[in-house]
Amino acid sequence: MSILATKETHVVIQGGVAGVNAARRMGEFRHMIQQPLNVSAFVYPPDAGKTNEVVCGNRLLTIPVYKTVAEATANHPEINTSLVYIGADRAYAGAKEALDNSGIQVVSMITEGLPEKDSKLLGAHARKLGKVFNGPSSIGVMSAGECRLGVIGGAFDNLVACKLYRPGSFGVITKSGGLSNEIIWICSQFADGITTAIGIGGDAYPGTDYVTYLEMFENDPQTKAVVIVGEMGGDLEERAAEWYGAKKRRVKLLSVVSGFCQESLPKGMKFGHAGAKEGLQGEGSARAKSEALKKAGAIVPETFGALGPAIKQTYEEFVKSGEVKPIPDLSEAEQPKLPRTVEQGMKDGDILVAPLIKSTISDDRGDEPLYEGYPASELINKGYDIPHIIGLLWDKRLVSKQEAEIIRRIIILSADHGPCVSGALTTIIGACAGIGLSQAVAAGLIMIGPRFGGAVTDAGRYFSYAIDNNMSVDEFLSHMKKNVGPVPGIGHRVKSLRNPDKRVKELVGYVKSLDLATPHLDFALEVEKITAAKKDNLILNVDGTMAAVLVDLGFPVDSLNGFFVLARTIGLIGHWADQKRQGSRLIRLFNYLVNYAAPARREVPPLK
Amino acid sequence: MAKVLEGPGMGLLKKWGLQTPNYAVVGSSEELEQLAQANDWLNKSSLVVKAHEALGSRFKLGLVKVGLDLKGAKAAAKEMLGRTVGTLTIREVIVSEAVDHSEEYYVAVKSTRDGADVMVANCGGVEVESNWDRVKRCSVVVGDAPSDAALEGLAKEAGFSGDLIPKVADFARKLFLCFDNEDGQYLEINPVVQNAAGELVALDAVTLLDGDAKFRHPDWTFPFAAEFGRAYTENEEEVMAVDSKVKGSVKLIEIPGGDTAMLPAGGGASVYYSDAVVARGGKLANYAEYSGDPPDWAVEVLTDKVCSLPGIKNIIVGGAIANFTDVKKTFGGIINAFRKAKAAGKLDGVRIWVRRGGPNEKQGLAAMNALKDEGFEIEVFDRRTPLTDIVDMALAKK
């Protein structure tokens, strides 16, 4: 058995991120005791209509978020408890809304800094309705083996270490959140653990005092003793002492009170929680509280450290009298465990996952990218340049200085070719239509194909085919004519022998000036001699030249179009930015640029 | 609780219809001179000048001067302004009108668990403090207001008679309204006096408000005063500034002359650690606390201040088993500050004692333990060592 939070508790959490975190902690607890999640809903107006994800065991649950508590309880009539995780300025209204809901019996508030008056009003309102308002600034309620409200108990490992998967015999009431956890631990190490531990909050006037909970514990047969961790200030401990001393009680009471240091501090200095303030007439000192509790018959150790042995002694007396039967500890293997994540399993080395993709060129897992194993910063610092990165990522090798220079020139020569070509024109039309950079540039890139800029790969493929098969130019041309069609890389829309492409001349001239074997380029130039003789514009074009040179450098045929795509992207970005800069307006084709060859206007026949 | 100085305190009383003497808060004697040209009472009345700062024992320090004319008030203001008391410099004085009276009374409203107590006595000033049994009280449940009949009954019970009964009841009613609407925690008027016209006047007031309620009082434009009877130190103010910015909390109070520095986690545990130091005969050099999973940099600032306390021999990095404060992360902040302090020579001969549990406790404690290799004198304990045992060890190992 337990009090306040039990097997029958079903929760609505009022609040945002902090509330979701609490729900996740509660999910861990439910997994530990092998019960379904007891958080039915959230109330958080900004997210109303959405859902929050909460892990419980190895399942990811989606919990609905509502605008009001009434909506939540209407949809989830099992809800009987609310946890309030709302900021101090709105917490009163939220808690009031929950208290006024007929289905809700317990409201526990974690909010800190709630005005004292609001806290008193909520406490009084709850008492009038016969309900419980716990907090504010309460860490939550923990009933071992049954229910966790809030984050009390901490991490999963701690829940297991404190044996919270099953009830013990000790009730706990504390103002301090951190100490609630400490006492839970002590009870599990020096005795058989807790039934319920309640954080009532560290404020001066918490909504519910020790006495209310002492009464509940007194009526819970599983609870044999209650531990109160008190603080100076206020009169809650005195009232607890009064309750305990008033008549013979079934439960044993143990208590410590903090604040003895106050006696030796400079006058006026106070510390700790808001509630740990001296009464204005000197009442509420730690000493007065300790004396009152002792007088009432409670066990009051001198220091916090002596609390453990006192709990142990009390427990041993229970065992001796037969009131409590010791619970055997679970072995390591029997203890509940959280399902491990794939990441954790892999870290521990006992899970093998078949990868979805394989990458052989770069690795981003460190503090900087590695290209083919080389750190990017080191490449920069040792003088490597963009062509080298192309070499690493496209062909998995560090190209030589000479090769890098050729690549550099290829990119410069093909970076742009004015606004009229298919790619640039498309990007410009996109820019004028108000399309964003990446879409407009991508639209331009889509134009790259067999007729525009996209012949590099095919040109390289067929020149390689010729060289690999030791073909003569004639054999090659008849092979192409028979099997393929026009030779990729040969021919130009406007350039011709008489109007040569300066880019081709420049590139060929440079490559030929080097001490470099260029069988593909030489072959391509031989092909040009024959084709150009047949027709003036069947010259080796820039695609074909690039292709031949790059194949000579050893780049894989499939990467060759990439050089044009890469280079021309520079130009396309420029065109997009150029239009943006000018604030260009939407353009459309003029009628007179269209040959309207469709049938003239005529009557539509009746629909048959 | 947030203490409000006399000036703004009087302002709140006036807002709720209570009569106060004329007063002015000034920062220079020239300002007083200018005010006198507009306000007749400064020229005609007998004046009282008081330092307008959060200071106890102002009378003893010579920071209250009575029975002055304007010239005397200006001289008193000039003398007080700029004086330093401890770490505090007097920047303002309050000049108020003396009210001739023969009888002094006492009216207060105090927050209680169930609501508030209205307290009335037919004596005031120091007399009421030595005759506390003459204070009569009437309890008001939160959400209610005292009836006129109840307040008149209270006045009668306190020994008032004749037309003073309704006057005192009315005064108490207004003070309660002020308390209830201004989120008061303690409002004390001592003394209440009767002026020549027979009206009750609030001569001096203690005003404690609920600082947490500031969000619903846009007219609380005044700063809250330190509750200590002393000004906050520079380090304390720096930590407060960090505290106001972060999730969770970091707190620091310096105590001069101590040699045991405190750096514990948790509002509850921190006081048990302080208790343990005092119980073992140690001298606290400070109070500190961090909780609610504050960011590591905030804990680093706090640690930096703690390491800078003069003459410390031990630092107690204590803490219970945290619910959700990440031990590894917060210890990361502490370790950063420790390294800096050590490099600056601040930790020479200082022993560090650590005990903690909570999320990521293994990693956090291991990181602390590793400081041994860097030449720190540090002892690290986990949850199996009882909470305050590190204090026993620190103070035993002389």
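The structure under discussion appears in the preceding block.
Analysis parameters
- Residue positions are given per chain, counted from 1 along the sequence in the order it is written.
- Here the convention is simple: chains get letters from A, ligands get numbers from 1, in the order in which they are written.
- Local features are withheld for residues below a pLDDT of 70 in this predicted model, meaning they are given only at 70 or higher, and side-chain atom pairs are given and counted only at 80 or more; totals for whole chains, interfaces and linings count all residues.
- Only hydrogens and water are set aside when side-chain values are computed; all heavy atoms of the structure are taken into account.
- To qualify as a nonpolar core, a set must consist of buried Ala, Val, Leu, Ile, Met, Phe, Trp, Tyr and Cys residues joined through side-chain atoms within 4.5 Å.
- Using a 1.4 Å probe on the protein chains alone, a residue whose accessible area is under 20% of its type maximum counts as buried, one over 50% counts as exposed, and one in between counts as partly exposed.
- Contact definition: two residues touch when any of their heavy atoms are within 4.5 Å.
- Secondary structure counts use DSSP, requiring at least four H or I residues in a row for a helix and at least two E residues in a row for a strand, with both numbered from the N terminus.
- Any two strands are treated as partners once DSSP identifies two or more bridges connecting them.
- To obtain an axis, a line is fitted to C-alpha atoms, over the contacting stretch when the element is a helix, and the angle between two such axes runs from 0 to 180 degrees between their N-to-C directions.
- Counted as positive: Lys and Arg. Counted as negative: Asp and Glu. His and the chain ends are not counted at all.
- Each reported salt bridge corresponds to a side-chain nitrogen of Lys or Arg within 4 Å of a carboxyl oxygen of Asp or Glu.
- By the criterion applied in these results, polar contacts are pairs of N or O atoms within 3.5 Å in which, for protein atoms, one can donate a hydrogen and the other can accept it, and in which residues neighboring in sequence qualify only through two side-chain atoms.
- A helix is expected to span 1.5 Å multiplied by its residue count minus one.
- Two aromatic rings from Phe, Tyr or Trp, using only the six-membered ring of Trp, form a pair when their centres are within 6.5 Å; if the ring planes differ by under 30 degrees the pair is stacked, by over 60 it is edge-to-face, and anything between is tilted.

1. Some words on the nonpolar core
Next up, step 1: A:Leu164, A:Phe170 and A:Phe304 are the most contacted members of the largest nonpolar core, which has 108 residues in total.
Next up, step 2: Setting aside chain neighbours within four positions, we find A:Phe304 in contact with A:Leu179, A:Glu182, A:Ile183, A:Ile186, A:Val229, A:Val256, B:Tyr272 and B:Leu387.
Next up, step 3: Grouped together as the second largest cluster of nonpolar side chains are 53 residues, A:Ile390, A:Val441, A:Val508 and A:Phe555 included.

2. Regarding the environment of A:Ile79
Residue and element names in this part refer to chain A.
Next up, step 1: Structurally, Ile 79 is set in the loop between helix H2 (69–75) and strand E5 (81–85).
Next up, step 2: A residue is classified by how much of its surface remains accessible, and Ile 79, at 1% relative accessible area, is buried.
Next up, step 3: Sequence separation between Ile 79 and Tyr 213 is 134 residues, and the spatial gap between their C-alpha atoms is 22 Å.
Next up, step 4: Setting aside residues up to four positions removed in sequence, Ile 79 forms contacts with His 10, Val 11, Val 12, Ser 40, Ala 41, Ala 72, Thr 73, Gly 103 and Ile 104.

3. As for the sheet that holds strand E4 (residues 64–68) of chain B
Residue and element names in this part refer to chain B.
Next up, step 1: Overall, antiparallel pairing links the 4 strands, which are arranged E2-E7-E3-E4 in an open sheet. Each having just a single partner strand, strand E2 (23–26) and E4 make up the two edges of the open sheet. Pairs of neighbouring strands in the sheet enclose a mean axial angle of 15°, with direction left out of account.
Next up, step 2: Bridge analysis of E2 against strand E7 (residues 93–97) gives 4 bridges, and the strand direction is antiparallel. Across the sheet, the residue bridging to Tyr 23 is Ser 96, located in E7.
Next up, step 3: The sheet strands contacting helix H1 (residues 6–15) are E2, strand E3 (47–51) and E7, and the helix crosses E2 at an angle near 145°.

4. With respect to the side chain of B:Glu289
Residues and elements named next belong to chain B.
Next up, step 1: As for its placement among the helices and strands, Glu 289 is situated in strand E16 (residues 286–291).
Next up, step 2: Look at Glu 289: it is buried, it has no salt bridge, and the nearest opposite charge is Lys 251 at 4.4 Å.
Next up, step 3: Here Gly 267 takes part through its backbone nitrogen, which lies 3.1 Å from a polar atom of the side chain of Glu 289.
Next up, step 4: A polar side-chain atom of Glu 289 sits 2.4 Å from a polar atom in the side chain of Ser 291.
Next up, step 5: Beyond its immediate stretch of four places on either side in the chain, Glu 289 contacts Ser 249, Val 250, Lys 251, Pro 264, Gly 266, Gly 267, Ser 270 and Leu 302.

5. Observations concerning the side chain of A:Ser255
Next up, step 1: Along the chain, A:Ser255 turns up in strand E13 (residues 252–258).
Next up, step 2: Only 3.0 Å separates the side chain of A:Ser255 from the backbone oxygen of A:Ile228, close enough to count as a polar contact.

6. Some points on helix H1 (residues 17–32) of chain A
Residues and elements named next belong to chain A.
Next up, step 1: The terminal C-alpha atoms of H1 lie 23 Å apart, and with 16 residues this matches the ideal 22 Å at 1.5 Å per residue to within 8%.
Next up, step 2: By the burial criterion, the buried members of H1 are Gly 19, Val 20, Ala 22, Ala 23, Arg 25, Met 26, Gly 27, Phe 29, Arg 30 and Met 32.
Next up, step 3: A positive phi of about 55° marks Gln 34, the residue just after H1.

7. A look at the sheet that holds strand E14 (residues 362–363) of chain A
Residue and element names in this part refer to chain A.
Next up, step 1: Taken together, the 3 strands give an open sheet; going across it, the order is E14-E15-E16, and neighbouring strands pair in antiparallel fashion. Two strands lie at the open edges of the sheet, namely E14 and strand E16 (374–375), each paired on one side alone.
Next up, step 2: By the bridge criterion, 2 bridges tie E14 to strand E15 (residues 370–371) in an arrangement that is antiparallel. Considered in E15, the bridge of Asp 363 is made with Leu 370.

8. Digging into the packing of aromatic side chains
Residues and elements named next belong to chain B.
Next up, step 1: Here the structure, examined in full by the defined rule, presents 17 aromatic pairs over all chains.
Next up, step 2: Aromatic pair Tyr 105 and Phe 160: ring centres 5.0 Å apart, planes at 70°, arrangement edge-to-face. Note that Tyr 105 is positioned in strand E8 (residues 104–111) and Phe 160 in the loop between helix H6 (148–157) and helix H7 (164–181), a separation of 55 residues in sequence.
Next up, step 3: The exposure class assigned to Tyr 105 is buried, which follows from its relative accessible area of 5%.
Next up, step 4: Measuring from centroid to centroid gives 5.7 Å for Tyr 106 and Trp 132, while their planes differ by 75°, and the two rings are edge-to-face. Here Tyr 106 is found in strand E8, whereas its partner Trp 132 is found in the loop between helix H5 (125–130) and strand E10 (136–141), with 26 residues between them in sequence.

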